[in-house]
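Structure assessment
Residue strings, one per chain:
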Amino acid sequence: MTLQHAAKPYAFVLVPGYSQLGFACAIEALSLANRHPGADPYYRWRLLSEDGAPVPAYNGVVTQVDGPLVALDRSETIVICAGEDVGKSASKTLTNWLRREVRRGMDFGALSSGTYILARAGLLAGKRVTTHWEYRAALTEILPDVIMEDTIISIDGRVFTTAGGAASMDMMLERIRADYGVDLAKWVADQMVYTDPRLPDHAQRMSLQTHTQVRNGKLALAMQIMENNIEDPLTPDEISAIVEISTRQLERLFAKYVGLSPKRHYLRLRLEKARDLLRQTDFSVTDVCVACGFKSLSHFSKSYRAAYGISPGVDGSSNSKLIWHGGI
């Protein structure tokens with residue numbers, strides 16, 4: 001007996017430089033759902049681009065689409081598929097189309113850096129969202145009215161965003177579960193040989209605590225405090241007081257498990273964020289210096305050159321920007 005239901009429609013919008021992995025993981029989950037025996041297709045979809053032309057992914061593979069941006073039915077779900085150089089793709093044509101279509105009341109979401117395009121369209125104010133970890137620092141600075149989460153998936157009402165990559169598969173499994181129940185979602189996961197689907201709040205990267213086999217709660221707390229206070233760094237004495245151990249104990253824990261002093265580890269975190277901002281935004285070196293807690297440009301430049309073998313100004317100008325400011 002064939003089960004009768006109306007196939008739920010999707011409109012995938014591919015922008016140049018999109019992540020082919022993230023897109024493939026998303027659409028493959030829907031494709032496999034349609035292979036479930038004894039049922040009509042659960043989903044249907046169409047691929048769109050701004051002008052209807054084929055779209056190159058970041059890896060150079062070109063994908064044919066079904067047509068240009070057109071008026072959608074309110075039952076369709078929009079998915080923005082993006083990746084590198086997303087700022088170039090957040091055109092007025094695309095953002096205006098998004099605003100117009102979303103007014104129809106449909107669900108909408110983004111894979112990887114597509115979150116930026118939704119924000120450019122003014123659709124994410126006050127929303128909880130996520131994006132690939134490489135873009136997170138830049139988007140956090142650029143989008144102050146958006147609540148950026150460090151998770152593989154974020155769902156806030158009609159809006160869903162993912163970190164891209166394999167997280168697109170987790171997102172679609174979650175949507176399949178919500179649409180048709182856990183049994184179909186499990187069946188699709190089994191077809192993908194994906195034996196342990198992750199929950200939405202799963203962290204994107206293996207934590208430093210796991211990487212270093214840290215099992216000391218005080219050290220883990222100290223690390224988290226540092227990560228949460230990049231722009232206004234705390235002193236080792238201040239961190240020790242919050243963690244409720246002596247400064248000497250803190251130094252011993254870092255030496256044992258991290259192989260660096262607390263100051264060196266903290267500096268590395270700040271420089272990593274600085275490099276992300278320089279490479280992914282149009283922030284000036286001075287802006288980055290302040291955002292990462294350095295008191296002087298000379299100290300910032302000296303530390304940056306010591307860490308990466310290049311000055312921050314040269315490093316920032318020699319890389320294509322992954323994200324443009326755009327005046328949000």
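Right above here is the structure, for reference.
What you see is a predicted model; the values in this text were computed from it and never measured.

All right, on to the pairing of strand 5 (residues 77–81) then. Of all 5 residues in strand 5, 5 are buried, a share of seventy percent or more. Here strand 5 shows a buried face lined by Thr77, Val79 and Cys81 and a second buried face lined by Ile78 and Ile80. One ladder, built from 5 bridges, connects strand 1 (residues 8–14) with strand 5; its direction is parallel. Each bridged residue has a counterpart across the sheet, and for Phe12 the counterpart in strand 5 is Val79. One ladder, built from 4 bridges, connects strand 5 with strand 6 (residues 108–111); its direction is parallel. Across the sheet, residue Ile78 finds its bridge partner in strand 6, namely Phe108.

On to the packing of aromatic side chains, then. Ring pairs (aromatic) are described by centroid distance and by the angle formed between their planes. Applying the stated criterion across every chain yields a total of 9 aromatic pairs. Measuring from ring centre to ring centre gives 5.8 Å for Tyr10 and Phe12, while their planes differ by 20 degrees; the resulting arrangement is stacked. Judged by relative accessible area, which is 0%, Phe12 ranks as buried. A connected cluster of aromatic rings, assembled from ring pairs, spans Tyr10, Phe12, Tyr18, Phe23, Tyr42, Tyr43 and Tyr180. The lysine or arginine in question, Arg175, covers the ring of Phe160, its NZ or CZ lying 4.3 Å from the ring centre. When the ring centre of Phe294 is taken as reference, the NZ or CZ atom of Arg270 above it lies at 4.2 Å.

This part takes up the packing of helix 9 (residues 217–228) against helix 10 (residues 236–243). Interhelical geometry of helix 9 versus helix 10 gives an angle of 130 degrees and a closest axis separation of 10 Å. The angle between helix 9 and helix 10 falls in the class oblique. Of the two possible hands of crossing, helix 9 and helix 10 adopt the one that is right-handed. Here helix 9 contributes Lys218, Leu221, Ala222, Ile225 and Met226 to the contact with helix 10, which in turn contributes Ile239, Ile242 and Val243. Grouping the constituent residues of the contact of helix 9 with helix 10 by class yields 7 nonpolar, no polar and 1 charged.

A separate point is the nonpolar core. In terms of nonpolar packing, the biggest core is built from 62 residues, with Ile78, Trp97, Leu98, Ile117 and Phe300 touching the most fellow members. Tallying contributions element by element places helix 12 (residues 262–280) first for this core, with 7 residues. Apart from residues lying up to four places away in sequence, Phe300 is in contact with Leu271, Ala274, Leu278, Val285, Val288, Cys289, Phe294 and Pro312. Within the second largest apolar cluster, 38 residues are counted, among which are Tyr43, Leu111, Ile152 and Met171.

Definitions and limits used
- Residues numbered from 1 in each chain as written.
- Predicted model: local features only at pLDDT ≥ 70, side-chain atom pairs only at ≥ 80, totals over all residues.
- Heavy atoms only, no water.
- Buried < 20%, exposed > 50% of the residue type's maximum accessible area, 1.4 Å probe, protein only.
- Helix = DSSP H or I, 4+ residues; strand = E, 2+ residues; numbered from the N terminus.
- Pairing = 2+ DSSP bridges.
- Phe/Tyr/Trp six-rings, centres within 6.5 Å; stacked < 30°, edge-to-face > 60°.
- Lys NZ or Arg CZ within 6 Å of the ring centre and 35° of its normal.
- Axes fitted to C-alpha atoms, helices over the stretch in contact; angles between N-to-C directions.
- Parallel < 35°, antiparallel > 145°, perpendicular 65-115°, else oblique.
- Left-handed = near helix turned anticlockwise from the far one by under 90°.
- Contact = heavy atoms within 4.5 Å.
- Nonpolar A, V, L, I, M, F, W, Y, C, P; charged D, E, K, R; others polar.
- Core = buried A, V, L, I, M, F, W, Y, C linked by side-chain atoms within 4.5 Å.

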